[in-house]
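# Analysis of the macromolecular model
What follows is each chain in one-letter form.
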Amino acid sequence: MTQASTTAQPQATSTPKGQTTANPAAPPAETPLVIHEQEDSVWLPQGSSTYAAPHDAAWDFNLWVSVIFFVIVIGPMGYFAVKYKRKSEDERTSPVDHNLRLELFWTLIPTVLLIYMFWVGFKLFAHAQVAPNDAMVIKVTGQMFNWTFEYPDGTVTTDLGVPKGRPVKLIMSSKDTLHAFFVPEFRLKQDVVPNLYTTMWFEATREMESTVECAEYCGDGHSRMLTRVVVLPSGDKSTPGTFETWLDNGGLKTPLPPLQLGQKRYTALCSSCHSLDGSKIQGPSFKGLFGRKEELADGTSVTVDENYVRNSILNPQAQIVKDYPATMPTFTYLKDRDIEGIITFLKEQK
Ligand code: CUA
């Protein structure tokens, strides 16, 4: 660890200020998070998984059956209420009290329709529950307030990247409270629960980029618990733009320079608890953090330098700043490259 932090230092300090990457206001090399395509539409965004088309067909069928029955039940009901309104005290109720043929007609047709709707829904539900045997398994961890993804080769990323046309199975759990993993384009949503694994699978059908949302209120960072999902063509590591290259770059389409990598890691992992403008969220603000003298909970104090930042990422409970809760999770899966990036980014927060 000592060796790693000494190698971290020169790299992190050697980023020249005048470099194009040194201005945090400059547009990032990566495109910003697309919330959803057709964001202003009342309809769900374009379906992008094999599950989406049958799901949408079932949804539309249910919707239109409901609309049609609403009209043919409520329409005549309103008409009859007016037409057969009792007009005087001595008007008598009609002696006709039932009609077997009519009642069979309006019982059997809806019964058949409902059985059909149940069957379609049940088939889809069963299909969604059982992943194909050859699915690639990605472990998903939700925690206040970010997502991380662990791939079969051990790579941990903060964006979800998946190959197009290959089934993917997510095995999900939470480190703290209830979250819910939701990608509208895949038409899939699943609770993510502590002390339990939940699963979900899909096969992406087109190259696209969208956002994973948390769909279960999990605390004051809930609405910011978003991350990128990107569907890439399958290929090999030597071809740029493939899923394999993305994975090899640690969840990036192309490797980023330290400042931009740091900014990306900050946005994905730190921003829900550490502000850049001096305001207090869960943890101390990063504004002017570097070089600041912090009073610690144990009465000692520390000047924020490379080693303090590194230690706070890998072993956050060791040096808790006074008057802040000891709630920061550890980020031991971050690579040296990521930590150097975060240090570089922090130095820019004057
Ligand atoms: Cu996590 Cu809402």
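Residues numbered from 1 in each chain as written. Predicted model: local features only at pLDDT ≥ 70, side-chain atom pairs only at ≥ 80, totals over all residues. Heavy atoms only, no water.

## Observations concerning the overall build of the protein chain
Short version of the rule: Numbering of helices and strands runs from the N terminus, with a helix taken as a DSSP run of H or I at least four residues long and a strand as a DSSP run of E at least two residues long. Only protein chains enter the accessibility calculation, which uses a 1.4 Å probe. A residue is then buried if its area is under 20% of the maximum for its type, exposed if over 50%, and partly exposed in between. Each accessible area is a Shrake-Rupley result for a 1.4 Å probe, and residues are judged covered by the shown protein chains and nothing else.
A tally of regular secondary structure across the protein chain gives seven helices and twelve strands. When the 350 residues of the protein chain are sorted by exposure, 40% land in the buried category. A total accessible area of about 19,700 Å² is found for the protein chain, and carbon and sulfur atoms account for 60% of it.

## Comments concerning the side chain of threonine 158
As a reminder of what qualifies: Polar contact criterion, stated in full: a pair of N or O atoms within 3.5 Å, where within protein one must be able to donate a hydrogen and the other to accept it, and residues adjacent in sequence count only if both atoms are side-chain atoms. Here, two residues are considered to be in contact whenever any of their heavy atoms come within 4.5 Å of each other.
Checked against the element boundaries, threonine 158 lands in the loop between strand S3 (156-157) and strand S4 (160-163). A residue is classified by how much of its surface remains accessible, and threonine 158, at 3% relative accessible area, is buried. Engagement of the side chain of threonine 158 in a polar contact is seen with the side chain of arginine 265, the distance being 3.4 Å. Among all residues touching threonine 158, those that are not within four sequence positions of it are Trp147, Thr148, Phe149, Thr227, Arg265, Ala268 and Leu269.

## Thoughts on the pairing of strand S1 (residues 136-143)
We apply this condition: We treat two strands as partners when DSSP finds at least two bridges between them.
S1 sits mainly inside the fold: six of its eight residues count as buried. Taken together, the five bridges between S1 and strand S2 (residues 146-150) define a ladder with antiparallel strand orientation. Looking across to S2, one finds that lysine 139 is bridged to glutamate 150. Connecting S1 to the next strand, S2, in antiparallel fashion are two residues.

## Focus on the sheet that holds S2
Strand order in the open sheet formed by five strands is S3-S2-S1-S5-S8, with mixed pairing between adjacent strands. Each edge of the open sheet is held by one strand with a lone partner, namely S3 and strand S8 (198-203).

## Comments concerning the packing of aromatic side chains
Applicable threshold: Two aromatic rings from Phe, Tyr or Trp, using only the six-membered ring of Trp, form a pair when their centres are within 6.5 Å; if the ring planes differ by under 30 degrees the pair is stacked, by over 60 it is edge-to-face, and anything between is tilted.
Throughout the structure, instances matching the rule amount to 13 aromatic pairs. With 5.6 Å between their ring centres and 50° between their planes, tyrosine 79 and phenylalanine 80 make a pair best called tilted. Between tyrosine 151 and phenylalanine 243, the ring centres sit 6.0 Å apart and the planes meet at 50°, which makes this aromatic pair tilted. Of this pair, tyrosine 151 sits in the loop between S2 and S3 while phenylalanine 243 is found in helix H4 (residues 243-248), placing the two residues 92 residues apart along the sequence.

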